Amino acid sequence: MAELGVNIDHVATVRQARQASEPDPVWAAVLAELGGADCITIHLREDRRHIQDRDVRVLKETVNVKLNLEMACAKDVVDLACRTLPDQATLVPEKREELTTEGGLDLVGQRDQVAAVIEQLQDVGISVALFLDPIAEQIDLAAELGAQAVELHTGQYALEQGEAQQQELLKLINAGQQIVGQGMALHAGHGLNYHNVGPVANMDQMLELNIGHSIVARALMVGMKQAVHEMKQLL
Ligand code: PXP
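Residues numbered from 1 in each chain as written. Predicted model: local features only at pLDDT ≥ 70, side-chain atom pairs only at ≥ 80, totals over all residues. Heavy atoms only, no water.

Comments concerning the pattern of salt bridges
Point 1. Inspection of the entire model under this criterion finds 10 salt bridges.
Point 2. The salt bridge involving R15 is made with D55; its shortest N-O contact spans 2.6 Å. One end of the pair, R15, is in helix 1 (residues 9-17); the other, D55, is in helix 3 (residues 53-62), with 40 residues separating them in the sequence.
Point 3. Taking the relative accessible area as the measure of exposure, R15 reaches 5% and is therefore buried.
Point 4. A salt bridge links R48 to D76; the nearest nitrogen and oxygen atoms lie 2.9 Å apart. One end of the pair, R48, is in the loop between strand 2 (39-43) and helix 3; the other, D76, is in helix 4 (residues 75-84), and 28 residues separate them in sequence.
Point 5. On the accessibility criterion, R48 (18% relative accessible area) is buried.
Point 6. Exposure remark for D76: the relative accessible area of 40% places this residue in the partly exposed category. (Salt bridge = Lys/Arg side-chain N within 4 Å of Asp/Glu carboxyl O. Helix = DSSP H or I, 4+ residues; strand = E, 2+ residues; numbered from the N terminus. Buried < 20%, exposed > 50% of the residue type's maximum accessible area, 1.4 Å probe, protein only.)

This is the structure:
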């Protein structure tokens, strides 16, 4: 069975909407662990729109499962990772104007920059995953640069329906075989939800799935009744 990495960024998104102290992603991480999360995933974006530096530090102290930090190759974030020492870093591309991560890393275009960051992270004992589209050339380069894992970008698969979705699944399956064949661990994520996760979870040797938005969205819905009930009791 694939391990579940629960991405709690959007708990912090709700907090930052009010610049408040709640909801605290640290509390969400505890509940996610109680629910069976094998890994807590957070993305420290360059613009700090959701997860803050403090969250990374406190989660490092409190998370009892694997802590996976998604990050761009930006100097301040790399420095913070090297000081805080999450178990794993997943390198992603980042554009300030995007709503969420769009597309995998371009290893071919940014080889030297990514290679230097991989070395810096691995030197302090952080395991490195690279977030890639299912493209053979990119995966070859990930193996060459010594990445421990590749997280396949499932965003396009998640966007498609029917036959087009099957085509995307086939690309992921072929890429998955290549990743495992080249000695790297196979991860996947982005856009996965309660309807489309099955075929990706069933891919041969799938080790880790990182899922955020759909779990946080569902958590709001399954928890709303209880939250209103508790407030009503106080009136
Ligand atoms: N994996 C990576 C590398 C991501 O950047 C994200 C989004 O932060 C996710 C997984 C989770 O995506 P989603 O929120 O769509 O489940």
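A word on helix 8 (residues 162-181)
Point 1. Its 20 residues place the ends of helix 8 29 Å apart at the C-alpha level, agreeing with the 28 Å of an ideal helix rising 1.5 Å per residue.
Point 2. Within helix 8, the full set of buried residues consists of Q165, E168, L169, L172, A175, G176, Q178 and I179.
Point 3. The elements touched by buried residues of helix 8 are helix 6 (136-144), strand 6 (149-153), helix 7 (155-159), strand 7 (185-189) and helix 9 (197-201). (Expected span 1.5 Å × (residues − 1). Contact = heavy atoms within 4.5 Å.)

Concerning the environment of A20
Point 1. For A20, the position within the fold is in the loop between helix 1 and helix 2 (25-34).
Point 2. Sequence spacing of A20 and G104 is 84 residues, and the spatial spacing of their C-alpha atoms is 32 Å.

Here we look at the layout of surface pockets
The probe, sized like a water molecule, is rolled over the atoms to show the empty space still left.
Point 1. Here the largest pocket is characterised by a volume of approximately 1300 Å³.
Point 2. As for the largest pocket, its lining consists of 35 residues, of which V11, L31, V216, A219 and L220 are closest to the centre.
Point 3. Those elements giving two or more residues to the lining of the largest pocket turn out to be strand 1 (3-7), helix 1, helix 2, helix 9, strand 8 (206-211) and helix 10 (213-234).
Point 4. In terms of residue count, the dominant contributor to the lining of the largest pocket is helix 10 (nine residues).
Point 5. Of the residues belonging to the lining of the largest pocket, the class tally is 25 nonpolar, four polar and six charged. (1 Å grid on protein atoms, 1.4 Å probe; cavity = no way out; pocket = protein on both sides within 12 Å on 5 of 7 lines; lining within 4 Å. Points joined across faces, edges and corners; volume = space filled by probe spheres on them. Nonpolar A, V, L, I, M, F, W, Y, C, P; charged D, E, K, R; others polar.)

Here we look at unusual backbone geometry
A negative phi holds for most residues other than glycine; trans holds for most peptide bonds.
Point 1. Between E22 and the following residue, P23, the backbone shows a cis peptide bond with an omega angle of 0 degrees.
Point 2. Examined against the element boundaries, P23 turns out to sit in the loop between helix 1 and helix 2.
Point 3. The backbone of R48 shows a phi angle near 50 degrees, a positive value even though the residue is not glycine.

Structural notes on the pairing of strand 3 (residues 66-71)
Point 1. Burial analysis of strand 3 places five of its six residues in the buried class, which makes it a mostly covered element.
Point 2. Following the backbone out of strand 2, through helix 3 and into the adjacent parallel strand 3, one traces a crossover that is right-handed.
Point 3. Where strand 3 lies against strand 4 (residues 88-91), four bridges are found, and the strand directions are parallel. Within the sheet, the bridge partner assigned to M71 lies in strand 4 and is L91.
Point 4. Taken together, strand 3, helix 4 and strand 4 constitute a β-α-β crossover, and its handedness is right-handed. (Right-handed = clockwise from strand over helix to strand, strands pointing away. Pairing = 2+ DSSP bridges.)

Here we look at the sheet that holds strand 1
Point 1. An order of 1-2-3-4-5-6-7-8 is seen for the eight strands of this closed barrel, with the pairing classed as parallel. When the angles between neighbouring strand axes are averaged without regard to direction, this sheet yields 25 degrees.
Point 2. Strand direction decides the pairing type here: strand 5 (residues 127-132) and strand 6, joined by four bridges, are parallel. Considered in strand 6, the bridge of F131 is made with E151. (Axes fitted to C-alpha atoms, helices over the stretch in contact; angles between N-to-C directions.)

Considerations on the packing of aromatic side chains
Point 1. Summed over the entire model, instances satisfying the criterion amount to zero aromatic pairs.
Point 2. Taking NZ or CZ as reference, R218 lies 5.0 Å from the ring centre of Y194, over its face. (Phe/Tyr/Trp six-rings, centres within 6.5 Å; stacked < 30°, edge-to-face > 60°. Lys NZ or Arg CZ within 6 Å of the ring centre and 35° of its normal.)

By themselves, these are just geometric observations and shouldn't be taken as functional.
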